[in-house]
Structures are given as structure tokens and as C-alpha cells.
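# Examining the three-dimensional arrangement
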Amino acid sequence: MKFSNIPHMERQKLVILERVQHDVGRFTNPVFNLFVIAAAIYLPCYAKLMLFSTSGTLDLLNVLLALSAIALVLTTPAFALAATVEVYFARRIAAASRASRNIEFA
């Protein structure tokens, strides 16, 4: 019997994966929050610009539209990386959870 096949070790792997996901989440959650805030500012400003277009004026909503568009463009790669990392850990935790359940009931 391999040392890694002990049921207790499968539970330990699951706990370690959950802890690592929590630690990485401290870095990915601000990226998600920034992206959502920028998108929440961008969409209403864009809708207002498309529906009630006033050419040649520079008002607060146009400035907010430009700044939120810049924020979205700059944070998109970080958002994609953070989402990929979160999906990776979610899949690893699900696989480890299934493995620990299968060993317990075997």
C-alpha cells in the first residue's frame, strides 16, 4: 500500500487545496471586484451615450465612460488569469473531494 493512498492523506490533500485556493483568493478577489465595478460604470454610461447622444460635449458621463473603458482594457488579462486560476482550483478540489469520498466508502 502506498503512503499516498491512505484515506487520511486524501483528506489532507483536500484541506491543503482549499487552503491554497483561499490564499490565492486574496489576490484574485480584488481583480474580480475591480472588473465588476468598472463594468458596472461602463455599461450605463455607454447606454446613455448610445440612446441620448450629444455630440461635441464633454460631460461627466463621457469621462466616466472613458476611464471605465481604460480600466476594463487594462484589467482584462488579469481577470482572465484570475478566472482561470479559480476554475483550476475548483476542479482540483472537486476531484480531490470525489477521491476522498471514494476511498472512505471503499
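Shown above is the structure to which this text applies.
Residues numbered from 1 in each chain as written. Predicted model: local features only at pLDDT ≥ 70, side-chain atom pairs only at ≥ 80, totals over all residues. Heavy atoms only, no water.

### Focus: the overall build of the chain
Helices and strands together make up the secondary structure of the chain, namely two helices and zero strands. The 106 residues of the chain split such that 20% are buried. Counting only contacts in the chain whose residues sit at least 6 apart along the sequence, the fraction spanning at least 24 positions is 78%. Total accessible area on the chain stands at roughly 7,700 Å², and carbon and sulfur atoms take up 71% of it. (Helix = DSSP H or I, 4+ residues; strand = E, 2+ residues; numbered from the N terminus. Buried < 20%, exposed > 50% of the residue type's maximum accessible area, 1.4 Å probe, protein only. Contact = heavy atoms within 4.5 Å. Areas by Shrake-Rupley, 256 points an atom, 1.4 Å probe, with all protein chains shown as cover.)

### Section: the pattern of salt bridges
If you walk through the whole model with that rule in mind, you get two salt bridges. As a salt-bridge pair, Arg19 and Asp23 come within 3.5 Å of each other at their nearest N and O atoms. Here Arg19 and its partner Asp23 are both found in helix 1 (residues 7-51), four residues apart, which amounts to about one turn of the helix. The salt bridge involving Asp59 is made with Lys48; its shortest N-O contact spans 3.6 Å. (Salt bridge = Lys/Arg side-chain N within 4 Å of Asp/Glu carboxyl O.)

### Examining the packing of aromatic side chains
Under the definition given, this model contains four aromatic pairs. Their ring planes at 15° and their centres at 4.1 Å tell us that Phe35 and Phe79 sit as a pair that is stacked. With Phe35 in helix 1 and Phe79 in helix 2 (residues 60-105), this pair connects stretches of sequence that are 44 residues apart. Of the residues examined, Phe79 reaches a relative accessible area of 27% and is grouped as partly exposed. Consider the rings of Tyr88 and Phe89, whose centres lie 5.5 Å apart with planes at 70°: the pair is edge-to-face. On the accessibility criterion, Tyr88 (43% relative accessible area) is partly exposed. Its relative accessible area of 11% is what places Phe89 among the buried residues. Taken together, Phe32, Phe35 and Phe79 form an aromatic cluster joined through their ring pairs. (Phe/Tyr/Trp six-rings, centres within 6.5 Å; stacked < 30°, edge-to-face > 60°.)

### Digging into a nonpolar patch on the surface
Taken together, the side chains of Ile37, Ile41, Leu60, Leu61 and Leu64 present a nonpolar region at the surface, about 410 Å² in accessible area. Contributing elements (two or more residues each) for the nonpolar patch: helix 1 and helix 2. Among the elements that make up the nonpolar patch, the one with the highest residue count is helix 2 (three residues). As for its position among the elements, Ile41 is in helix 1. (Patch = residues over 30% accessible without salt bridge, like charges linked within 9 Å, V, L, I, M, F, W, Y side chains within 5 Å.)

### Looking at the side chain of Thr75
Structurally, the position occupied by Thr75 is in helix 2. Given the relative accessible area of 10%, Thr75 is considered buried. Polar side-chain contacts of Thr75 include one of 2.7 Å to the backbone oxygen of Ala71. Setting aside anything within four residues of it in sequence, one finds Thr75 in contact with Leu34 and Phe35. (Polar contact = N/O pair within 3.5 Å; in protein donor to acceptor, adjacent residues only side chain to side chain.)

From the geometry alone we can't say anything about function, so treat these as descriptive.
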